[in-house]
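# Remarks on the overall topology
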Amino acid sequence: MSKRANPAMTGAFVLGAVGLVIAGILIFGSGELLKTKYTYVMYFQGSVSGLAVGAPVEFRGVKVGDPKDLEIRIPVVVEFVQGSLHRLGAEAQDSSANIARLVELGMRAQLQVQSLLTGQQMIALDIHEDDE
């Protein structure tokens, strides 16, 4: 007659296997954990109602308040994945330097309606050369 399996060992093995599967899915499934991200804060004067976490940020259609006068501004924090936004002729793939240079060249953020039906908004980025 064979020996009975220890239920505690079987349970530990199953829990360990499930944990490894979940960790593998999180790490390798989306690939987002392995990408470098740069965080920036944008301030908007108007209401950001309808702007949800994860709303798209578009640059020319491609997804990628002043305390002195008591003007209220609402900060919106965005993250750019390394390599998602770069300039032509840029020497390095350093996205933070590329974004800083694009801001110097006049890149600005603007809230736009993403869906008239739901009222959701998105952030559109564009170059406004006449802005300073």
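The rules behind the values
- Residues numbered from 1 in each chain as written.
- Predicted model: local features only at pLDDT ≥ 70, side-chain atom pairs only at ≥ 80, totals over all residues.
- Heavy atoms only, no water.
- Helix = DSSP H or I, 4+ residues; strand = E, 2+ residues; numbered from the N terminus.
- Buried < 20%, exposed > 50% of the residue type's maximum accessible area, 1.4 Å probe, protein only.
- Areas by Shrake-Rupley, 256 points an atom, 1.4 Å probe, with all protein chains shown as cover.
- Core = buried A, V, L, I, M, F, W, Y, C linked by side-chain atoms within 4.5 Å.
- Contact = heavy atoms within 4.5 Å.
- Polar contact = N/O pair within 3.5 Å; in protein donor to acceptor, adjacent residues only side chain to side chain.

## Describing the overall build of the protein
Scanning the protein for helices and strands turns up two helices and six strands. For the protein, the N- to C-terminal ordering of α and β elements is α-β-β-β-β-α-β-β. Counting the 132 residues in the protein, one finds 21% classified as buried. On the protein, roughly 10,000 Å² of surface is accessible, and the fraction owed to carbon and sulfur atoms is 60%.

## Let's talk about the nonpolar core
If you look at the biggest cluster of nonpolar residues, it comprises 14 residues, and the most contacted ones within it are M42, F44, V76, V78, M107, I123 and L125. Taken together, the elements giving at least two residues each to this core come down to β1 (37-44), β2 (57-59), β4 (74-81), α2 (95-104) and β6 (121-127).

## Quick notes on the environment of M122
As for its position among the elements, M122 is in strand β6. Taking the C-alpha atoms as reference points, M122 and A109, separated by 13 residues in sequence, lie 10.0 Å from one another. Dropping the residues within four chain positions of it, M122 is found in contact with L51, P56, E58, Q110, L111, Q112 and Q114.

## Thoughts on the environment of I74
With respect to the helices and strands, the residue I74 is situated in strand β4. Once you skip the residues sitting within four places of it in the chain, I74 turns out to touch M42, Y43, F44, G46 and V48.

## Examining the side chain of Q121
Mapped onto the elements, Q121 comes out in strand β6. Its relative accessible area of 13% is what places Q121 among the buried residues. Within the local environment of Q121, its side chain forms a polar contact with the backbone oxygen of S49, the two atoms lying 2.6 Å apart. Apart from the residues within four sequence positions on either side, Q121 is in contact with S47, V48, S49, G50, L51, A55, L111, Q112, V113 and Q114.

Purely geometric numbers; function is a separate question.
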